[in-house]
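Remarks on the overall topology
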Amino acid sequence: MATTPVVDIHTHIYPTTYLTLLRSRTKVPYLLDLPDKMAPPRLIILPSDDDPALPAHQRGRPIDSSYSSINQKLDFMKTHGITTSVISLANPWLDFLSPEEGPQWAAKVNNELEDICSTSQNSLYAFATLPLSASSSRITGEIHRLQSLAHMRGIILGTTGLSQGLDDPALEPVWSALESAKLLIFLHPHYGLPSSVYGPRASEYGHVLPLSLGFPMETTIAFTRMWLSGVFDRHPKLKVLIAHAGGTVPFLSGRINSCVQHERHFPENEGGGRGPKRGLKEVLRENVWLDAVVYSPTGVRAAVEVVGKDRVLFGTDHPFFPPLDEGKEEWMSVETNIQAVKDAFGEDKQGATKVLGGNAIELLGLDVAGDG
């Protein structure tokens, strides 16, 4: 048992219910079973994955049992000394469903996540998923229902919201319900940037450009639109955890703020500045948390500098980025993140301990075993 709790707040799963949904589809996203029954199915998750010119075994990504097996999740946690994980459905969530289908599938997925967590002896908690294609009343109804599920600690949200982005006025009832229910929003990318920005040689580089650059910029733009539209003025107690150490928010927050102050389009607010009434620095320090899925001490330090060491949380992004060597149990991606946190804090052992577990326990009210 770890002497101090380690909490993984960025770890995904495709539960059985969700795999059943994907297997029933023939349009993106869907599961593509291969003729070789021993080979794992391929998840066709983006339109670029659904290229009939490619052999079936080269489309999308392979989805082996590590993406759905709770036992493998728990074994992974044991291998890396992780006390507790907050699991969430991986992208693309339920964004692709019709308004009629969304609510029933959200309830099924969330109920399965709750069932999984309820038998884990407090090793697992969850972020729920919402039926964002449905009417606002159906979405808020599911938010309120989540309060009766003991292991739900928030919701995972994509960057497009109801398809128009996070500055969409139609999201107001959703923000109100989440604020009232005191549920954390885990903001996570999926759609990336237009493929044209990666150029005609993009296929030579695989997923490097979309994952390393597209995802962070997608996240940065989504959160900035949210702030610019005054969401945090109207909902001052809303809580947002931004994936991948905030994208590029920590690095660009000063530039974003400067551009707003120099933008004559914005009238002066009550504080004498321009743009939203609550400044970006204030929102980042009072409403925002960042995960530490950034793979470098420099990235961790930037996150801490912007939001404070009490607001950075450890994550692994399991089951993505598995070991490069077949048969190896330790995941380089996890070890890199743990070491990045330790190196970022140096002699400040307490600070590293908070990021690795203490901050998540406090933020989410987790019942976690440990001596620390």
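Scroll up to find the structure.
Report follows, based on the coordinates.

Rules used throughout
Residues numbered from 1 in each chain as written. Predicted model: local features only at pLDDT ≥ 70, side-chain atom pairs only at ≥ 80, totals over all residues. Heavy atoms only, no water. Axes fitted to C-alpha atoms, helices over the stretch in contact; angles between N-to-C directions. Helix = DSSP H or I, 4+ residues; strand = E, 2+ residues; numbered from the N terminus. Parallel < 35°, antiparallel > 145°, perpendicular 65-115°, else oblique. Contact = heavy atoms within 4.5 Å. Nonpolar A, V, L, I, M, F, W, Y, C, P; charged D, E, K, R; others polar. Salt bridge = Lys/Arg side-chain N within 4 Å of Asp/Glu carboxyl O. Buried < 20%, exposed > 50% of the residue type's maximum accessible area, 1.4 Å probe, protein only. Polar contact = N/O pair within 3.5 Å; in protein donor to acceptor, adjacent residues only side chain to side chain. Expected span 1.5 Å × (residues − 1). Pairing = 2+ DSSP bridges. Bend = angle between axes of the 7 residues up to and from the residue. Right-handed = clockwise from strand over helix to strand, strands pointing away.

Packing of helix 4 (residues 136–146) against helix 5 (residues 172–181) leaves a shortest axis separation of 9 Å and a crossing angle of 10°. Of the possible angle classes, the one that applies to helix 4 and helix 5 is roughly parallel. Of helix 5, the residues touching helix 4 (which contributes Ser136, Ile139, Thr140, Ile143 and His144) are Pro173, Val174, Ala177, Leu178 and Ala181. Looking at the contact of helix 4 with helix 5, its residues break down into seven nonpolar, three polar and no charged.

Let us now look at the pattern of salt bridges. On inspection of all chains with the given rule, the structure shows ten salt bridges. The partner of Glu142 in a salt bridge is Arg145, and the shortest N-O contact between them spans 2.9 Å. Remark: Arg145 and Glu142 occur in helix 4; sequence separation between them is three residues, near one turn of the helix. Classification of Glu142 by relative accessible area gives buried; the value is 6%. We note a salt bridge from Glu282 to Arg278, for which the minimum N-O separation is 2.9 Å. A relative accessible area of 34% means that Glu282 is categorised as partly exposed. A network of salt bridges, in which partner residues are shared, links Arg278, Glu282 and Glu286.

Let's shift gears to the side chain of His318. Mapped onto the elements, His318 comes out in the loop between strand 11 (312–313) and helix 12 (332–345). According to the relative accessible area criterion, His318 is buried, its value standing at 2%. A polar side-chain atom of His318 sits 3.0 Å from a polar atom in the side chain of Lys73.

This next bit is on helix 3 (residues 102–118). With 17 residues, helix 3 ought to run about 24 Å at 1.5 Å a step, and its terminal C-alpha atoms sit 24 Å apart, in line with that. Most of helix 3 is tucked away, with twelve of its 17 residues classed as buried. Those residues of helix 3 lying buried are Gly102, Pro103, Trp105, Ala106, Ala107, Val109, Asn110, Glu112, Leu113, Glu114, Ile116 and Cys117.

Let's shift gears to the sheet that holds strand 5 (residues 84–89). An order of 1-5-6-7-8-9-10-11 is seen for the eight strands of this open sheet, with the pairing classed as parallel. Because the sheet does not close on itself, it has two edges, and the strands there are strand 1 (7–13) and strand 11. In the sheet, strand 9 (residues 240–242) pairs with strand 10 (residues 288–291) via three bridges, with the strands oriented parallel. Each residue of the ladder has a partner; that of Val240, found in strand 10, is Val288.

For the rest of this paragraph, the subject is helix 13 (residues 349–364). Given a rise of 1.5 Å per residue, 16 residues ought to cover 22 Å, and the 22 Å separating the end C-alpha atoms of helix 13 matches this to within 8%. At Val355, helix 13 is bent by approximately 60°, the largest bend along its length. Listing the buried residues of helix 13 in full gives Gly351, Ala352, Val355, Leu356, Gly357, Asn359, Ala360, Leu363 and Leu364. In the stretch just after helix 13, Gly365 is the one whose phi turns positive, near 60°.

Next up on the list: the pairing of strand 6 (residues 124–128). A regular strand places its side chains so that they alternate between the two faces of the sheet. The element strand 6 is largely enclosed, with a buried count of five among its five residues. Alternating residues of strand 6 divide into Leu124, Ala126 and Ala128 and Tyr125 and Phe127, and every residue in both groups is buried. As defined by bridge partners, strand 5 adjoins strand 6 across four bridges and the pair is classed as parallel. Of the residues in strand 6, the one forming a bridge with Val86 is Tyr125. Taken together, strand 5, helix 3 and strand 6 form a β-α-β motif whose crossover is right-handed. Sheet analysis places strand 6 next to strand 7 (residues 152–157), joined by three bridges and oriented parallel. Residue Phe127 lies in a different strand from strand 7, and its bridge partner there is Gly154. On the question of chirality, the crossover connecting strand 6 to the parallel strand 7 by way of helix 4 is right-handed.

With that settled, consider the environment of Thr159. Relative to the elements of secondary structure, Thr159 occurs in the loop between strand 7 and helix 5. Along the primary structure Thr159 and Thr220 are separated by 61 residues, whereas in three dimensions their C-alpha atoms are 9.5 Å apart. Not counting chain neighbours up to four residues away, the residues in contact with Thr159 comprise Gly165, Leu166, Leu187, His188, Pro189, Tyr191, Glu218, Thr219 and Ala222. Reaching out from Thr159, the side chain makes a polar contact with the side chain of Glu218 at a distance of 2.5 Å.

Glancing now at unusual backbone geometry. For the peptide bond that leads from Val28 to Pro29, omega is 0°, which places it in the cis range. Looking along the chain, the bond that leaves Asn91 and enters Pro92 is cis, with omega of 15°. Checked against the element boundaries, Pro92 lands in the loop between strand 5 and helix 3. Of note in the backbone geometry, His244 takes a positive phi value of approximately 55° without being a glycine. Inspection of the secondary structure puts His244 in helix 8 (residues 243–246). A positive phi angle, near 65°, is found at Tyr295, a position not held by glycine. Turning to its location among the elements, Tyr295 is positioned in the loop between strand 10 and helix 11 (297–307). Judged by its relative accessible area of 32%, Tyr295 is partly exposed.

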